[in-house]
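# What the coordinates show
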Amino acid sequence: MQEEAVTSDGCHLLIVAGPGTGKTMVLVSRILFLLKRGEKPENILAVTFTNKAASEIRRRLSRAGAGRLPRIGTFHSWAYGLVSEKTGTRPYVLCEREQMDLLREARQGAGIKAGAKDIFQRLSLLKQRVDVRLVDQDQDLLAFSEEYHRLLKKYGVWDYDDLLLKALKIIESGDYACLKHVLVDEFQDVNPVQYRLVELTGRRARVTAIGDPNQSIYGFRGASPSYMERCKEDLRPVSIIKLNVAYRCPQKVLDTAASLMGVKRPLVSARPQSGHIRFGLFENEQREANWIATEIDRMAGGLSFESFNMRNQASFGERSLSDICILYRAKVLSAPIEAALSRRGIPFHVPVRLSGTEQKAITLFRHLFEFSTGRAMDYHLSRLGIKTEEARRLSSFLEGVAQKRHSEDKFLESFRQVFHVEMTEEEASMIRKHIRISENDVPASLIFKEEQDGVDFSVEAVTLMTLHASKGLEFPVVFLAGVDREIMPWKETDKEEERRLLFVGMTRSSDRLFITSSRNRRLYGKRVRTGPSPFLKGIEAFFSPVKLGTGRPAKKSIRRKQKNLF
DNA sequence: CACTAGAAAATTTTT
DNA sequence: TTTTCTAGTG
């Protein structure tokens, strides 16, 4: 099936690829196939949702000796390319923080009482759709939208949504460099504007769309899995290929996951039969966390007692810490787990999250820096509270700054002297910690250190992250923590999307899967009664339960324990 | 405008 | 419980 997907020819192609079926491999191989067949790289475009995914594809292509690479990038970088080509400028796109600042301003200007975040969320979702008329919306939203877009225009800056909308206009006009092949990864995550972009491009080019409707977990930001069905109508003629063999999960995990989704025919595992699924119900989140920590300790060969050096060579049956991940629905749930791991001296890493203060400091620096590159100068000046006149007189100084590749400190120092911009030492150190001025790009640009370095999975540490962040990753040992009522699914959210989220979590495992839940949980300072997630009902038959609280497998009273679970 | 007290919210995330 | 938001003061 993979080969058929790679070499399919003649019309559009929809590849339905379940977890671990070799989605990225097929995508990369197909690009190689097209290149080898003589397609010019500039006629091929591969679209992803994240820069990380784009780099991964680029990396794999290079390693396979692809030679000159086709265009590979996110939807937004594609849009950015179209817009800058058309307008002959380099649009300045607001980061999240800048956007928030601007929308607060817009909220003031429009005199709206409703919460800023709330009204903006609504507007953004609206802008991701093509089938809604703004005129039909309520007065507050209308007034807000008008003021917000007036500000964007005034400052000459863009937001992400507008970038895509403008790109759509360009594609609609037909005035763009022709493509022959467009390949879209994670197709189940497209929002309406992105879908329309692909569909329109598909009238002149061949589309290869790869995705898995069961892994659509971004409905809250406008995505809809329905497009995987809809494209069968819009992209014609289309071949549809399903990849049914999974190379990651053991059969048992696939069967359980299929049962969760109500799928009749589970994927077929190509792995040697292994893997078991254990379920543990605990009294509270402390016990749950302790049990997870103890289990990891044991699996990794007793970290508490072994010497540090022994850790790297996991002996037979033992696990390396980097093989293990703990997933949870929301970041708030990680605290007790982090504490339990720390108590046992088990190293772990969590994706960094920037505090509000850090974001603020970084944005301040971004304004300074971007101002010096000469883009959207009025905008940055207005944010910094510097008069335009004052700045103009210093233009010669500025020319120097962007070119000289100053270190972050030097850069700041220059600005302090010339503009008297105040910055506390605390802020400066936050900036140093997270931001670097790129030495490779021309013109120079800012780089988030974490973004560049990413998570280093070779480090001997357990990985903690949200279920969402785990999509696309794979670990031999997966713990799904806090699979409770009210948490999974989260409060009043879309149940089916939450179900898919659990599906994503379960299918990260290439060997062992642990699911834990708690009867009581402290959440936002309140103790709430939870208990197992309703999603687990109906699939418990696949689990081996864990004896409550102690961490020992329940050998004797399995039946009774199972009855008690719900 | 900068600061702060008190209120209100608190997922999930990328660009 | 902790962080973020916002209106109101200085």
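Report on the accompanying structure.

What follows concerns the overall build of chain A. For chain A, the helix and strand inventory stands at 22 helices and 19 strands. The buried share among the 566 residues of chain A stands at 51%. Sequence-distant contacts, at least 24 apart, represent 76% of the contacts inside chain A between residues at least 6 apart. Put simply, chain A shows about 27,200 Å² of open surface, and 50% of that area lies on carbon and sulfur atoms.

Glancing now at the layout of surface pockets. Put simply, the second largest pocket is a space of about 580 Å³. Elements supplying a minimum of two residues to the lining of the second largest pocket: strand 1 (12-17), helix 10 (227-234), strand 6 (238-243) and helix 11 (251-261). The residue inventory of the lining of the second largest pocket, partitioned by class, reads 16 nonpolar, three polar and five charged.

Okay, the protein's contact with DNA strand B next. What surrounds DNA strand B is a group of 19 residues, the closest being Asn-51, Tyr-160, Arg-329, Lys-331 and Thr-466. Taking all atoms of DNA strand B within 4 Å of the protein, the share assigned to sugar and phosphate is 54%. A distance of 2.6 Å separates a base oxygen of DNA strand B from a polar atom in the side chain of Arg-329. Grouping the constituent residues of the surface near DNA strand B by class yields eight nonpolar, seven polar and four charged.

Evaluated as defined, the whole model comprises three cavities of 30 Å³ or more. Volume-wise, the second largest cavity comes out at about 50 Å³. Taken together, Glu-285, Glu-288, Ala-289, Tyr-328, Leu-333, Pro-336, Ile-337, Ala-481, Gly-482 and Arg-521 make up the full set of residues lining the second largest cavity. Secondary-structure elements contributing two or more residues to the lining of the second largest cavity are helix 12 (285-299) and helix 13 (334-343). Residues belonging to the lining of the second largest cavity are distributed by class as follows: six nonpolar, one polar and three charged.

A few words on the protein's contact with DNA strand C. Taken together, Met-100, Arg-104, Arg-107, Gln-108, Ala-116, Gly-356, Arg-522, Tyr-524 and Gly-525 form the complete shell of residues around DNA strand C. In DNA strand C, atoms within 4 Å of the protein come 59% from sugar and phosphate. Contacts to DNA strand C include Arg-104, whose side-chain N or O atom sits 3.4 Å from a phosphate oxygen. A distance of 3.3 Å separates a base nitrogen of DNA strand C from a polar atom in the backbone of Tyr-524. If one sorts the elements of the surface near DNA strand C by residue count, helix 5 (residues 96-110) sits on top with four residues.

With that out of the way, let us pick up unusual backbone geometry. Omega for the peptide link from Arg-236 to Pro-237 comes to -5 degrees, which places this bond in the cis form. Mapping Pro-237 onto the fold places it in the loop between helix 10 and strand 6. The backbone phi angle of Tyr-524 is positive, close to 50 degrees, even though this residue is not glycine. For Tyr-524, the location among the structural elements is in the loop between strand 17 (520-523) and strand 18 (526-529).

With that settled, the discussion passes to the packing of helix 11 against helix 21 (residues 495-506). Interaxial distance between helix 11 and helix 21 falls to 10 Å at its minimum, and their mutual angle equals 180 degrees. Considered as vectors, helix 11 and helix 21 are oriented roughly antiparallel to each other. Residues Val-253, Thr-256, Ala-257, Leu-260 and Met-261 of helix 11 form the contact with helix 21, whose own contacting residues are Arg-499, Arg-500, Leu-502, Phe-503 and Met-506.

By the definition in use, this model includes zero disulfides. Left unpaired, Cys-11 is separated from the closest cysteine sulfur, that of Cys-231, by 12 Å. Cys-249 supplies the cysteine sulfur nearest to Cys-325, a cysteine that is in no disulfide, at a spacing of 12 Å. The class of Cys-325 is buried, set by a relative accessible area of 0%.

Calculation rules
- Residues numbered from 1 in each chain as written.
- Chains lettered and ligands numbered in written order.
- Predicted model: local features only at pLDDT ≥ 70, side-chain atom pairs only at ≥ 80, totals over all residues.
- Heavy atoms only, no water.
- Helix = DSSP H or I, 4+ residues; strand = E, 2+ residues; numbered from the N terminus.
- Buried < 20%, exposed > 50% of the residue type's maximum accessible area, 1.4 Å probe, protein only.
- Contact = heavy atoms within 4.5 Å.
- Areas by Shrake-Rupley, 256 points an atom, 1.4 Å probe, with all protein chains shown as cover.
- 1 Å grid on protein atoms, 1.4 Å probe; cavity = no way out; pocket = protein on both sides within 12 Å on 5 of 7 lines; lining within 4 Å.
- Points joined across faces, edges and corners; volume = space filled by probe spheres on them.
- Nonpolar A, V, L, I, M, F, W, Y, C, P; charged D, E, K, R; others polar.
- Near = heavy atom within 4 Å.
- Polar contact = N/O pair within 3.5 Å; in protein donor to acceptor, adjacent residues only side chain to side chain.
- Axes fitted to C-alpha atoms, helices over the stretch in contact; angles between N-to-C directions.
- Parallel < 35°, antiparallel > 145°, perpendicular 65-115°, else oblique.
- Disulfide = S-S within 2.5 Å.

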